[in-house]
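# Examination of the molecular architecture
Listed below, chain by chain, are the residues.
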Amino acid sequence: MTRQEIFEQIRKKKSFLCVGLDSDINKIPRFLYDTSDPVFAFNKEIVDATHDLAVAYKPNLAFYESMGVSGWNTLEKTVNYIRYNYPDIFIIADAKRGDIGNTSHHYARAFFDALDFDAVTVAPYMGSDSVKPFLSYVGRWVILLALTSNQGANDFQFLKEDNTRLFEKVITTSQSWGDIENMMYVVGATRAEMLKDIRALAPDHFLLVPGVGAQGGSLAEVARYGMNDQCGLLVNSSRGIIFAGEGKDFAEKTRNAALQIQSEMAQLLAEKAII
Ligand SMILES: O=c1ccn([C@@H]2O[C@H](COP(=O)(O)O)[C@@H](O)[C@H]2O)c(=O)[nH]1
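Treat the numbers as computed from the prediction; the structure is a model and nothing was measured.

Across its full length, the protein carries 12 helices and 10 strands. On C-alpha atoms alone, the protein measures out to a radius of gyration of 18 Å, which is about the 19 Å that the 2.2 N^0.38 rule sets for 275 residues. Dimensions along the principal axes, computed over C-alpha positions, put the protein at roughly 60 × 45 × 35 Å. Here the protein holds 275 residues, and 47% of them are scored as buried. Looking at the protein alone, contacts between residues at least 24 apart form 71% of all its contacts between residues at least 6 apart.

What follows deals with the UniProt feature "active site" (unreviewed entry) in the protein. Per the UniProt record, the feature "active site" (unreviewed entry) sits at Lys-96. Mapped onto the fold, Lys-96 is located in strand β3 (residues 90-97). Residue contacts for Lys-96: discarding those within four places in its chain leaves Thr-121, Ala-123 and Leu-145.

It is worth spelling out the environment of Pro-210 at this point. Here Pro-210 shows up in strand β9 (residues 207-210). For Pro-210 and Ile-275, which are 65 residues apart along the polypeptide, the C-alpha to C-alpha distance reads 23 Å. Once residues within four sequence positions are removed from consideration, Pro-210 is found in contact with Ser-149, Val-186, Gly-188, Ala-189 and Asn-236.

Turning our eyes to something else, we now look at the site of the ligand. Taken together, 19 residues lie near the ligand, and Asn-60, Thr-148, Pro-210, Ser-238 and Arg-239 sit nearest. Elements with a minimum of two residues in the shell around the ligand: β10 (233-237) and α11 (239-242). In terms of residue class, the shell around the ligand is built from three nonpolar, 13 polar and three charged.

Let us now look at unusual backbone geometry. Residue Lys-14 is not a glycine yet carries a positive backbone phi of 50°. Relative to the elements of secondary structure, Lys-14 occurs in the loop between α1 (3-13) and β1 (17-21). Positive phi outside glycine occurs at Asn-163, with the angle close to 65°. Of note, Asn-163 is situated in the loop between β6 (160-161) and β7 (164-165).

Before going further, it helps to examine the sheet that holds β1. The eight strands lie next to each other as β1-β2-β3-β4-β5-β8-β9-β10, forming a closed barrel whose pairing is parallel. On average, each strand axis in the sheet is tilted by 30° relative to the strand beside it, whichever way the strands run. Two elements, strand β8 (residues 183-187) and β9, share two bridges in a ladder whose sense is parallel. Pairing of Tyr-185 across the sheet is with Leu-207, part of β9. Along the sheet, helix α10 (residues 219-226) contacts β9 and β10; its crossing angle with β10, the most-contacted strand, is approximately 160°.

Before going further, it helps to examine the UniProt feature "domain: Orotidine 5'-phosphate decarboxylase" (unreviewed entry) in the protein. As annotated in UniProt, the feature "domain: Orotidine 5'-phosphate decarboxylase" (unreviewed entry) corresponds to residues 16-254 in the numbering used here. Annotated as 39% helix and 19% strand, the span residues 16-254 places its first and last C-alpha atoms 17 Å apart.

So, on to the packing of helix α2 (residues 38-50) against helix α12 (residues 250-271). It is the contact of α2 with α12, at a shortest axis distance of 9 Å, that shows an interaxial angle of 45°. The pairing of α2 with α12 is recorded here as oblique in orientation. Between α2 and α12 lies a crossing whose hand is right-handed. Taken together, the residues of α12 that come into contact with α2 (itself represented by Glu-45, Ile-46, Ala-49 and Thr-50) are Ala-251, Thr-254, Arg-255 and Ala-258. Split into classes, the residues belonging to the contact of α2 with α12 amount to four nonpolar, two polar and two charged.

Analysis parameters
Residues numbered from 1 in each chain as written. Predicted model: local features only at pLDDT ≥ 70, side-chain atom pairs only at ≥ 80, totals over all residues. Helix = DSSP H or I, 4+ residues; strand = E, 2+ residues; numbered from the N terminus. Rg over C-alpha atoms; globule rule 2.2 N^0.38 Å. Buried ≥ 20, exposed ≤ 12 C-beta atoms within 10 Å, placed from the backbone. Contact = placed C-beta atoms within 7 Å. UniProt positions renumbered as here; feature names shortened; annotations may be inferred. Near = placed C-beta within 6 Å. Nonpolar A, V, L, I, M, F, W, Y, C, P; charged D, E, K, R; others polar. Pairing = 2+ DSSP bridges. Axes fitted to C-alpha atoms, helices over the stretch in contact; angles between N-to-C directions. Parallel < 35°, antiparallel > 145°, perpendicular 65-115°, else oblique. Left-handed = near helix turned anticlockwise from the far one by under 90°.

What follows is the structure, given as structure tokens:
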């Protein structure tokens, strides 16, 4: 999927919402346990209830890998379901991969050949040869961890050398590996004020921003510091949307939670004259 196609979808849906499919088997409604694949049944309901409000879905691999082989099957069915029924939607594997080149090449095959993801999150720590194999796939994206939303981001990501913080170094150096058509950066919503500095280094890249909802980040602040004239943001919420309800009407509750964020997004896009 191209950058332009993502932007068109943002304008059409008046939304830059990414719904995180962190579909924890222990948290989904109990009545779904009667189905043959409870997590798939859950994901299908969530996707059907939100597809017109979301521009991206982001299954986090941990919630599928933790179930073994059946989890991987559920993941594959989920990706295929979204691709077949809602082909305009961008699908992100939140896998945080990256290894020596030979191994990264196989990670890339897993997400772009064996599974039909548009993008995969990649850790930058092992450097250029660990990231480039993912970038050799035309039309697919790397989303590089830059400044994460968690407390532990303070352990390394702000370390300074020559007055440059590590996350800044990641952003500047990696721009020679890929470009605005195949690389995005992860920046936590809990660090919204830092988006100003990040936009100075990467004005045109799309940013994947997790951390609104359950982690308490502010959507308005993210838009204030991070939005560019093509929006340039995919803001993720997982638990705050998918676990909005627990009963038979969980999909309706999820839709209401997504609608609330999408309405705020529409307003922010209008203020910036993007829609
Ligand atoms: O810096 C990061 C990078 C990734 N994540 C992931 O995003 C979602 C957030 O879930 P919520 O339930 O909305 O808090 C989850 O999959 C994280 O692993 C992140 O939070 N921060």
